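Each chain is listed here by its residues.
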Amino acid sequence: MGAADHVALGAGFLIIRPLAAEEAPLLASHVAALSPASRHSRFLGGVNLISEAEALRLVAGRDVFALAAIAGGPGEGVMVGEAICAFGSDGRAEFALSVADAWQGRGIGRALVASLARRAAPRAALIHGEVLAGNRRMLALAARAGFAAGVSRSDPRLVAISRPLRPVPAACRPLHRAA
Ligand SMILES: CC(C)(COP(=O)(O)OP(=O)(O)OC[C@H]1O[C@@H](n2cnc3c(N)ncnc32)[C@H](O)[C@@H]1OP(=O)(O)O)[C@@H](O)C(=O)NCCC(=O)NCCS
């Protein structure tokens, strides 16, 4: 899923890169270290831990990739965020992410979404996710990143967010007639 992105973060920088299979335990421990409130938001109130076996599936599976956000210099970096993207057979990519509590509100979520969308674009026409209706920070991030939001069909507690990953050719756009 490509090379690392280097993103300015305050006086330092952030590296966003795919996790290697042997790093799967890092994903599980990042999730386990989130506050209960962040885990509730990340997993929409459902299962809120990732086992090492599940982490390995997310990191090394065929139709899925996992990104890590690493803060600090080479060799001394600390994992401060994760994002998962799963490809469906319908040309859509589903995503979810989390940022370590102490690192939230500094632009890491925004950088993860941008990196994930760019990496998903060659394989999917649309990216989508679900967010708890009360998750104002994630909804603000999604709106700024160009996602449309609507009520989820599966659960009224959730907001469905989506964004095309490729420009729709003019010939395929729906026609709107003036009234
Ligand atoms: C949601 C989450 C991923 C966002 O990551 P983050 O690094 O904290 O977010 P950012 O710093 O990139 O900020 C994103 C936007 O939130 C907005 N924001 C920040 N604080 C906010 C607040 N208290 N209320 C509303 N909006 C807020 C800002 O507008 C910001 O947009 P901008 O950078 O364009 O100004 C992170 O807070 C998190 O891990 N939360 C718990 C798990 C979760 O909710 N995951 C999403 C489920 S899909």
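Note that the structure is predicted; figures quoted are calculated from it, not measured. Just so you know, the residues in each chain are numbered from 1, in the order the chain's sequence is written. It should be noted that, the model being predicted, local features are given only for residues of pLDDT at least 70 and side-chain atom pairs only at 80 or more, the latter also being counted only at that level, while totals for whole chains, interfaces and linings use all residues.

Q: How would you summarise the site of the ligand if you had to cite specific residues and measurements?
A: Nearness here is judged by the C-beta atom: place it from the backbone, and if it falls within 6 Å of a molecule or strand, the residue counts as near that partner. If you check the shell around the ligand, you find 23 residues, and the closest are Ser41, Gln104, Gly109, Arg110 and Leu141. Secondary structure follows DSSP: runs of H or I at least 4 residues long count as helices, runs of E at least 2 residues long count as strands, and numbering of each begins at the N terminus. Secondary-structure elements contributing two or more residues to the shell around the ligand are helix H2 (36–42), strand E5 (92–99), helix H4 (108–120), strand E6 (126–132) and helix H5 (136–144). No other element matches H5, which puts 6 residues into the shell around the ligand. Note that Gly is not counted as nonpolar here; it falls among the polar residues with everything else outside the nonpolar set of Ala, Val, Leu, Ile, Met, Phe, Trp, Tyr, Cys and Pro and the charged set of Asp, Glu, Lys and Arg. A class-by-class count of the residues in the shell around the ligand yields 8 nonpolar, 9 polar and 6 charged.

Q: For unusual backbone geometry, give the residues involved together with the corresponding values.
A: Excluding glycine, residues mostly carry a negative phi; peptide bonds, for their part, are mostly trans. Notably, Leu44 is not glycine yet its phi reads approximately 55°, a positive angle. Tracing the backbone shows Leu44 in the loop between H2 and helix H3 (52–60). Note on burial: count the other C-beta atoms lying within 10 Å of the residue's C-beta; 20 or more is buried, 12 or fewer is exposed, in between is partly exposed, and C-beta positions come from the backbone. Residue classification places Leu44 among the partly exposed residues on the basis of 18 C-beta atoms within 10 Å.

Q: Now, about the pairing of strand E2 (residues 12–18): what can you tell me, with residues and values included?
A: A pair of strands is labelled paired if DSSP reports no fewer than 2 bridges between them. Relative to E2, strand E1 (residues 5–9) is paired through 5 bridges, and the arrangement is antiparallel. Residue pairing for E2: Leu9 is matched across the bridge by Gly12. Between E1 and E2, which follow one another and run antiparallel, lie 2 residues, and Gly10 among them has a positive phi close to 55°. Two elements, E2 and strand E3 (residues 64–71), share 5 bridges in a ladder whose sense is antiparallel. The residue bridging Ile16 from the neighbouring strand is Ala69, located in E3.

Q: Kindly report on the packing of helix H1 (residues 24–33) against H3, identifying the contributing residues and their values.
A: Interaxial angle, 0 to 180 degrees, is taken between N-to-C directions of lines fitted to C-alpha atoms, where a helix line uses only the stretch in contact. It is at 8 Å that the axes of H1 and H3 come closest, and there the two elements cross at 120°. Comparing the axis directions of H1 and H3 gives the class oblique. Handedness of the H1/H3 crossing: right-handed. Taking contact as the criterion, the partners of Ala24, Pro25, Leu27 and Ala28 in H1 are, on H3, Glu52, Ala55, Leu56, Leu58 and Val59. Looking at side-chain class alone, the contact of H1 with H3 contains 8 nonpolar, no polar and 1 charged residues. Any angle from 65 to 115 degrees is called roughly perpendicular, while one under 35 is roughly parallel, one over 145 is roughly antiparallel, and all others are oblique. Helix crossings are classified by the rotation of the near helix relative to the far one: an anticlockwise turn of less than a right angle makes the crossing left-handed, while a clockwise turn makes it right-handed. Once C-beta atoms are placed from the backbone, any two residues with those atoms within 7 Å are in contact.

Q: Describe the sheet that holds E2, and please don't skip the residues or the numbers.
A: In spatial order, the strands read E1-E2-E3-E4-E5-E6-E8-E7; together these 8 strands make up an open sheet with mixed pairing. One side of each edge strand has no neighbouring strand; the edge strands of this open sheet are E1 and strand E7 (148–151). Put simply, the sheet's adjacent strands are angled 25° from each other on average, direction ignored. Pairing of E5 with E6, which is carried by 3 bridges, proceeds in the parallel orientation. Residue pairing for E6: Arg92 is matched across the bridge by Leu126.

Q: So what's going on with the nonpolar core? Which residues, and what values?
A: A set of buried Ala, Val, Leu, Ile, Met, Phe, Trp, Tyr and Cys residues, joined to one another through C-beta atoms within 7 Å, is what we call a nonpolar core. Ala69, Leu112 and Leu116 are the most contacted members of the largest nonpolar core, which has 34 residues in total. Of all elements in the fold, only E2, H1, H3, E3, strand E4 (78–87), E5 and H4 reach the threshold of two or more residues within this core. If sequence neighbours within four positions are ignored, Leu116 has contacts with Leu67, Ala83, Cys85 and Phe95.

Q: Provide a residue-level description of the environment of Arg157, including the pertinent values.
A: Structurally, the position occupied by Arg157 is in the loop between E7 and strand E8 (158–164). For the pair Arg157 and His40, spaced 117 residues apart in sequence, the C-alpha to C-alpha distance is 13 Å.

Q: Account for the pairing of E6, with residues named and values stated.
A: For a regular strand, side-chain orientation follows a simple rule: the groups alternate between the two sheet faces. Residues of E6 alternate between two faces, with Ile127, Gly129 and Val131 buried on one and Leu126, His128, Glu130 and Leu132 left unburied on the opposite face. Handedness of a crossover is defined as follows: orient the strands so they point away from the viewer, and if the path from the first strand over the helix to the second runs clockwise, the crossover is right-handed. Assessed by its sense of winding, the connection that carries the chain from E5 through H4 to E6 is right-handed. When E6 meets E8, the two strands line up antiparallel, connected through 7 bridges. What sits directly across from His128, in E8, is Ser162.

Purely spatial values, then, with no claim about function.
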